[in-house]
Amino acid sequence: MPVAHPHCMPRVALAIAAIATLAGCAMDSEAKVRTQLGAWVNLGETVYFESRMDCTAALFKTRSTTARASVSMVRTLPDGLRLISAGETVGFDLPAQSPNAISQQVMSADLPNGLGLVSSGISGKNCMSDTVQRAYLTALTSDNSIMIYAPSTNALAVLDVQQGQVFFARGDV
């Protein structure tokens, strides 16, 4: 039976420890997400939270159906694109347009920033349970939802005004 050289043992132990550490890594903590999202909307209780190395998804009840003053709210796509290019957190509340429709328009008008936005939404979905995914899809396709995007962290939030809840999605874009 082969025996490892004594000088190799510390390296093997370090490699095993590194792999074990990475296996348990999460992209975000619930506290970190609550802090970031809490700056954008008035959060209530946590309904769902999941974070892995490649994605984070969360669902919170809200105490208000409007965004906080720290979010630059826009009513036109060009205004939103300008703010995203400047690295600002922007809230899209375009009349009669869902977050899904707005995302498609951002992709068409500004591919690099659009990819970040869409990638966050899609990657975040990978951390959602089936029930949360269905609710997220409903919110994404509702004209009554407000989409908030932070290009600096590639974080996406969808404020579901009708249900009084907010979804958070982020991927390893």
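In this text the structure is predicted, and so the values were computed from the model without any measurement. Think of each chain on its own: its residues are numbered from 1, step by step along the sequence as written. In view of the model being predicted, local features appear only for residues whose pLDDT reaches at least 70, and side-chain atom pairs are presented and counted only at 80 or more, with totals across whole chains, interfaces and linings using the full set of residues. Here the side-chain values reflect all heavy atoms present in the structure, with hydrogen atoms and water set aside.

**Digging into helix α5 (residues 111–125)**
Helix and strand definitions follow DSSP, with helices as H or I runs of at least four residues and strands as E runs of at least two, each counted in order from the N terminus. An expected span of 1.5 Å times one less than the residue number is assigned to each helix. Over its 15 residues, α5 runs 21 Å from end to end, which matches the ideal 21 Å to within 8%, given 1.5 Å per residue. A simple rule labels every residue: compare its accessible area, found with a 1.4 Å probe on the protein chains alone, to the largest value its type can have, and call it buried under 20%, exposed over 50%, or partly exposed in between. Those residues of α5 that sit buried are N113, G114, G116, L117, S120, G121, S123 and G124.

**Section: the pattern of salt bridges**
In what follows, salt bridge is the name for a side-chain nitrogen of Lys or Arg lying within 4 Å of a carboxyl oxygen of Asp or Glu. The full count for this structure, using the stated rule, is 5 salt bridges. In this structure, the salt-bridge partner of D54 is R52, at a minimum N-O distance of 3.8 Å. Overall, the relative accessible area of 34% leaves R52 in the partly exposed class. Residue D79 is joined to R82 by a salt bridge in which the shortest nitrogen-to-oxygen separation is 3.9 Å. Of this pair, D79 and R82 both sit in helix α3 (residues 77–85), 3 residues apart, which is roughly one turn of that helix. For D79, a relative accessible area of 31% corresponds to the partly exposed category.

**What to know about the nonpolar core**
Throughout, nonpolar core names a set of buried Ala, Val, Leu, Ile, Met, Phe, Trp, Tyr and Cys residues whose side chains join them through atoms within 4.5 Å. In this structure, F92, Y136 and F167 are the most contacted members of the largest nonpolar core, which totals 27 residues. For this core, the elements supplying multiple residues, two or more each, are β2 (55–67), α3, β4 (90–92), α4 (99–109), α6 (130–140), β5 (145–150), β6 (155–160) and β7 (165–171). Contacts were defined at the residue level, with two residues in contact if any of their heavy atoms lie within 4.5 Å. Setting aside anything within four residues of it in sequence, one finds Y136 in contact with G121, K125, M128, L156, V158, F167 and A169.

**A short note on the sheet that holds β5**
Reading across from one edge, β1-β2-β7-β6-β5-β4-β3 is the order of the 7 strands in this open sheet, with mixed pairing throughout. Each having just a single partner strand, β1 (41–51) and β3 (72–74) make up the two edges of the open sheet. Here the strands of the sheet are splayed against their neighbours by 20° on average, with no regard to which way each runs. Two elements, β1 and β2, share 7 bridges in a ladder whose sense is antiparallel. One requirement defines pairing of two strands: DSSP has to find at least two bridges between them. Here an angle of 0 to 180 degrees is reported between the N-to-C directions of two axes, which are lines fitted to C-alpha atoms, with helices fitted over the stretch in contact.

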